[in-house]
Amino acid sequence: MLAIGRPDFMKTTASEHEKSRVVAVVLNWNRFEETKECVWSLLKTTYTSLEVLIVDNGSTDGSAEKLRETFRQLILLERATNGGYAAGNNTGIRYALEHEADYVLILNNDTTVEPNFLQPMVDAAEADPAIGIVTCKAYLQSNPTQVYGTGGRVSLLLCSGVPLKRGLVDRECEIEYTSGCILLVRRRVFEEIGLFDERFFMYFEDVEFSLRANKRFRLFYTPQGVIYHKSGAGDSWIRYTPTYLYYSARNRFLAFRHMPFPFKVYLFIYSALNGIGKTAAILWSGISHSSTHDVATRIKALWNGFLDGIAGRSGKVETIGG
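Residues numbered from 1 in each chain as written. Predicted model: local features only at pLDDT ≥ 70, side-chain atom pairs only at ≥ 80, totals over all residues. Heavy atoms only, no water.

Caption draft 1: Layout of the pattern of salt bridges. Scanning the model with the defined rule gives 17 salt bridges in all. Of the charged contacts in the structure, one is a salt bridge between Arg257 and Glu208, with a shortest N-O distance of 4.0 Å. A residue pair is termed long-range when its members are at least 10 positions apart, and Arg257 in the loop between α7 (242-255) and α8 (261-289) and Glu208 in helix α6 (residues 205-214) qualify at 49 residues. A relative accessible area of 6% places Glu208 in the buried class. The shortest N-O distance in the salt bridge between Arg313 and Asp308 comes to 2.8 Å. Under the relative-accessibility criterion, Asp308 is labelled buried at 7%. Overlapping salt bridges bring together Asp197, Arg199, Glu208, Arg212 and Arg257 as one network. (Salt bridge = Lys/Arg side-chain N within 4 Å of Asp/Glu carboxyl O. Helix = DSSP H or I, 4+ residues; strand = E, 2+ residues; numbered from the N terminus. Buried < 20%, exposed > 50% of the residue type's maximum accessible area, 1.4 Å probe, protein only.)

This is the structure in structure tokens:
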């Protein structure tokens with residue numbers, strides 16, 4: 001791994017000494033433009049003790065080199081391989097903890113932030129030492145009036161994390177689940193419960209992390225901080241990708257692997273029905289929007305994920321379907 005940037009990354013001035021030190025970890029993989037916009041917005045924030053750390057997750061399109069040239073004043077950690085969301089962010093988290101960060105801010109690179117988004121999040125955490133993770137309000141970039149869920153509860157009925165109800169998104173409240181889109185994590189959380197589980201690669205690692213964190217810490221949501229998030233790969237039937245379908249199917253089993261046996265039976269039934277529903281949706285959308293090969297690839301990825309989830313296996317690239 002190669003670290004590039006100024007060696008005094010974590011040093012602050014005397015006037016900033018009283019503020020808690022926050023390190024933002026921004027993970028890039030072949031998305032220079034998105035990451036650039038995210039980092040630029042972070043550099044405009046009003047929180048003076050914020051340091052920005054970029055982790056490149058084994059990009060193959062030259063985006064790491066572009067980021068190095070664009071942000072010469074920042075640390076850039078380069079991974080040799082793509083370890084997915086979990087391993088990629090863990091690289092940044094470890095670096096931040098080794099350099100005495102008080103909080104680590106995990107932020108998706110397909111987001112931009114309001115200049116004053118961070119102070120309310122830190123204030124919420126500082127108000128109660130029992131609060132381990134704080135998240136904030138997010139809007140969709142494509143529709144700035146539509147709220148994107150960053151926190152909520154863990155639904156055993158739906159076997160997933162679900163967002164806050166409409167009436168709660170405008171007020172501060174305690175939550176059970178924080179989305180991987182944005183979360184401010186007290187360093188003690190990582191020290192006591194560990195980092196993201198790298199077996200997940202991507203999707204559902206935030207649910208599992210929230211379940212672990214809930215055993216020792218409070219999780220909190222504040223609407224006072226605002227960011228904007230680009231919609232993802234699974235926001236509509238047409239946009240379901242093989243990667244999304246594989247990992248979302250497989251990792252649901254992984255996230256709830258410690259639950260009692262009766263729930264695991266329910267999880268199997270729910271996941272099977274969910275797979276059938278998504279298969280029907282893919283077939284329906286494929287009639288007018290996809291080729292026969294694309295439909296077959298996505299359905300194969302979905303059910304390979306289901307089978308690997310039951311067996312506790314890790315998939316391969318050819319299994320995932322690209």
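Caption draft 2: Region of the structure containing the packing of helix α1 (residues 32-43) against helix α2 (residues 63-70). Direction vectors running N to C along α1 and α2 enclose 30 degrees, while the axes themselves pass 10 Å from each other. Relative to α2, α1 is oriented roughly parallel. α2 is crossed by α1, and the crossing has right-handed handedness. Note on element contacts: α2 touches α1 through Ser63, Lys66, Leu67 and Thr70, opposite Phe32, Thr35, Lys36 and Trp40. Of the residues assigned to the contact of α1 with α2, the class counts are three nonpolar, three polar and two charged. (Axes fitted to C-alpha atoms, helices over the stretch in contact; angles between N-to-C directions. Parallel < 35°, antiparallel > 145°, perpendicular 65-115°, else oblique. Left-handed = near helix turned anticlockwise from the far one by under 90°. Contact = heavy atoms within 4.5 Å. Nonpolar A, V, L, I, M, F, W, Y, C, P; charged D, E, K, R; others polar.)

Caption draft 3: Summary view of the environment of Arg313. As for its placement among the helices and strands, Arg313 is situated in the loop between α9 (292-311) and α10 (317-320). On a C-alpha basis, the gap between Arg313 and Arg199 in space is 9.6 Å, while along the polypeptide they are 114 residues apart. Setting aside residues no more than four positions away along its own chain, Arg313 makes contact with Tyr246, Arg250, Leu307 and Asp308. A distance of 2.8 Å separates polar atoms of two side chains, one belonging to Arg313 and the other to Asp308. (Polar contact = N/O pair within 3.5 Å; in protein donor to acceptor, adjacent residues only side chain to side chain.)

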